Amino acid sequence: MIAFGVYGLWLDAPPLGPIPMFEELSDRLSGVFRKLLGRGRLSEQDVRETLREIRRVLLEADVNLDVARSFLRAVEERAVGADLLSSVTPGQQIIKIVHEELIRLLGGTGPAPMQFPSNRAAVVLLAGLQGSGKTTTAAKLARHWKDRGKRVILAALDLQRPAAIAQLETLGSSIGVPVHLDRATKDAVGLAKAARTRADREGFDLLIADTAGRLHVDEELMTEVAKVHAVLEPHETLLVLDGMTGQDAVSIAEAFTKQLPVSGFVLTKMDGDARGGAALSLRAVCGAPIRYLGIGEKVEGLEPFHADRLASRILGMGDVLTLVERAQERLDLTKAEALERKLRKDRFTLEDFLGQLQEMKKLGPLEEIVKMLPGVKLPAGAQVDERDLKRTEAIIQSMTREERERPAVLNASRRKRIARGSGTTVQDVNRVLRQFEQTQTMLKRFGGGRRGKLPTGLR
């Protein structure tokens, strides 16, 4: 996608925007490894000192103490071997070991893909406490599978909170997914049976059940969820946990997994102040894997969990695969192909530039996207100012069609008019034009001057 080529134009923006998940953990581990990479040879004492620093970072991130000890023991056993210590790049070797052990800690290759029976609907049951984001997660999961060609129906089984039924109905309508509900009943088990019957009768591929929550784990909650589980016989039972609660989330998970056959976890609010302790502790403490990460309130804010990708992000290695998948899901392929044809004819205009910026916004907050790019590191405390992107849009939208197609006509008086119309300055207009020229120059290398397909990352 061409938009990837303009990311670097906003990296020097002033602080603003959301904190990417695990940023504090990632920054502190990066600091530990920077010291390590600065040394030519390492002794066993150097390795153990590094492990002590990693232990401190993990505990400050609210990782379970026993999990941290087990993790560091595994790293130490591999890191103090004579072959590694005599290596030319021992620091890099230790980082590699930490990366591999992080992947193992987070769940390794992950669970098998969701299976859809041919003769009836698959069922996903969502459990969790009030405030964990369970109802929103139900809609996010419905959208996720609908986008993958599945016919999905939601079941509003949280009869404790009328607001939960209304919320699920609203969310279902927003994504075009029906919601099975009955405001007159207090029988969650009977409603679950009816939802199951409807899903099978009407040929749905997937039924997602939003069950009742409580402010805390109690016997009444667990009894009801267990009865619903017995009726629905779900293919997956996912426990929704608030990622910001750290070890409290792990304690809640332990309580649920003792009563329910939980097959996986959904960690929500991972765009907030989530230190990462829950994500790093859940698999080791509770046995089940993390299946999804919830990011933000919008229905598209759900990512399938991949242990290897998250480990790379934590260690500052980027996550290009998730970024590419997000682009494939959210960007308009028709527009990309039309732009590619124009590039072959060397006709990239300000209109195209505007279109690319608008497409790029679909991928999510710019700071989050930058975090996924390997080798790109914002200075300490710096964040990406998305207001700069809005100013750029306003400036281009204040131009006439001729000016967008032929920026050479933009003389001083026209630039003043554009600045007034967009509520910016002439300097801002000049900056946008320079950015456009830089992007245009870069893209010429991949347009008419080179035969064959554009590189995958730029299409």
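Undergrad: So, the nonpolar core: which residues are in play, and what are the values?
TA: Counting residues in each nonpolar core, the largest one holds 104 residues, and the members touching the most others are I54 and I208. For this core, the element with the highest residue contribution is helix α5 (residues 90-106), accounting for 8 residues. With sequence-adjacent residues up to four places away left out, I208 is seen in contact with V124, L126, A138, L141, A142, V152, I153, L154 and A155.

Undergrad: Give me the packing of helix α3 (residues 65-79) against α5: which residues, what numbers.
TA: Contact geometry for α3 and α5: axes closest at 10 Å, N-to-C directions at 140 degrees. One finds that α3 runs oblique with respect to α5. Relative to α5, the crossing made by α3 is right-handed. In contact with V67, F71, A74, V75, R78 and A79 of α3, α5 contributes I94, I97, V98, E100, E101, L102, R104 and L105. Partitioning the contact of α3 with α5 into residue classes produces 10 nonpolar, no polar and 4 charged.

Undergrad: So what's going on with the pairing of strand β4 (residues 206-211)? Residues and values would help.
TA: Of all the 6 residues making up β4, 6 are buried; the element is thus mostly covered by neighbouring parts of the structure. In terms of strand pairing, strand β1 (residues 122-127) meets β4 through 5 bridges, oriented parallel. Across the sheet, residue L126 finds its bridge partner in β4, namely D210. Alignment of strand β2 (residues 152-157) against β4, held across 6 bridges, turns out to be parallel. Looking at β4, one finds that A156 is bridged to D210.

Undergrad: Tell me about the pattern of salt bridges, and name the residues and values.
TA: Per the counting criterion, the structure on display carries 25 salt bridges. Two residues, D200 and R120, come together in a salt bridge whose shortest N-O distance is 3.0 Å. A residue pair is termed long-range when its members are at least 10 positions apart, and D200 in helix α8 (residues 188-201) and R120 in the loop between α5 and β1 qualify at 80 residues. When its relative accessible area of 25% is taken as the criterion, D200 is described as partly exposed. We note a salt bridge from D200 to R196, for which the minimum N-O separation is 3.3 Å. Placement of both D200 and R196 in helix α8 is noted, with a separation of 4 residues, approximately one turn of the helix. On the accessibility criterion, R196 (7% relative accessible area) is buried.

Undergrad: Pulling in residues and values, what's your account of the packing of aromatic side chains?
TA: Overall, the coordinates contain 2 aromatic pairs when judged by the stated rule. Judged by centre distance (5.1 Å) and plane angle (70 degrees), the rings of F116 and W145 are edge-to-face. Linking F116 in the loop between α5 and β1 with W145 in helix α6 (residues 134-146), this pair joins segments that are 29 residues apart in sequence. Look at W145 and you get buried, because its relative accessible area is 13%. Directly above the ring of F204 sits R151, whose terminal nitrogen or CZ lies 4.2 Å from the centroid.

Undergrad: Residues and numbers for the pairing of strand β6 (residues 264-268), please.
TA: Of all 5 residues that make up β6, 5 are buried, and the element is covered over most of its length. Side-chain alternation along β6 places G264, V266 and T268 on one buried face and F265 and L267 on a second face that is also buried. In this sheet, β6 lies alongside strand β5 (residues 236-242) in parallel orientation, the contact comprising 5 bridges. Of the residues in β6, the one forming a bridge with L238 is G264. Bridging between β6 and strand β7 (residues 290-294) involves 3 bridges; their strand directions are parallel. Note that in β7 the partner of V266 across the bridge is Y292.

Undergrad: Before we move on, could you go through the sheet that holds β4 and cite the residues and values that matter?
TA: Taken in spatial order, the 8 strands line up as β3-β2-β4-β1-β5-β6-β7-β8 in an open sheet, and their pairing is mixed. Both outer strands of the open sheet, β3 (179-180) and β8 (302-304), are each paired with one neighbouring strand and no more. Here helix α7 (residues 162-175) sits on the sheet in contact with β2, β3 and β4, set at roughly 165 degrees to β2.

Undergrad: I'd like a description of helix α12 (residues 307-314), backed by residues and values.
TA: Most of α12 is tucked away, with 7 of its 8 residues classed as buried. Those residues of α12 that fall on the buried side of the exposure criterion are A307, R309, L310, A311, S312, R313 and I314.

Undergrad: Talk me through the packing of helix α10 (residues 247-259) against helix α11 (residues 277-286); I want residue IDs and the actual numbers.
TA: For the pair α10 and α11, the least separation of the axes is 9 Å and the interaxial angle reads 25 degrees. Relative to α11, the element α10 is oriented roughly parallel. By crossing handedness, the relation of α10 to α11 is classed as right-handed. Residues Q247, A249, V250, A253, E254 and T257 of α10 form the contact with α11, whose participating residues are G277, A278, S281, L282, V285 and C286. A breakdown of the residues in the contact of α10 with α11 according to their chemical character gives 7 nonpolar, 4 polar and 1 charged.

What counts and what doesn't
Residues numbered from 1 in each chain as written. Predicted model: local features only at pLDDT ≥ 70, side-chain atom pairs only at ≥ 80, totals over all residues. Heavy atoms only, no water. Core = buried A, V, L, I, M, F, W, Y, C linked by side-chain atoms within 4.5 Å. Buried < 20%, exposed > 50% of the residue type's maximum accessible area, 1.4 Å probe, protein only. Helix = DSSP H or I, 4+ residues; strand = E, 2+ residues; numbered from the N terminus. Contact = heavy atoms within 4.5 Å. Axes fitted to C-alpha atoms, helices over the stretch in contact; angles between N-to-C directions. Parallel < 35°, antiparallel > 145°, perpendicular 65-115°, else oblique. Left-handed = near helix turned anticlockwise from the far one by under 90°. Nonpolar A, V, L, I, M, F, W, Y, C, P; charged D, E, K, R; others polar. Pairing = 2+ DSSP bridges. Salt bridge = Lys/Arg side-chain N within 4 Å of Asp/Glu carboxyl O. Phe/Tyr/Trp six-rings, centres within 6.5 Å; stacked < 30°, edge-to-face > 60°. Lys NZ or Arg CZ within 6 Å of the ring centre and 35° of its normal.

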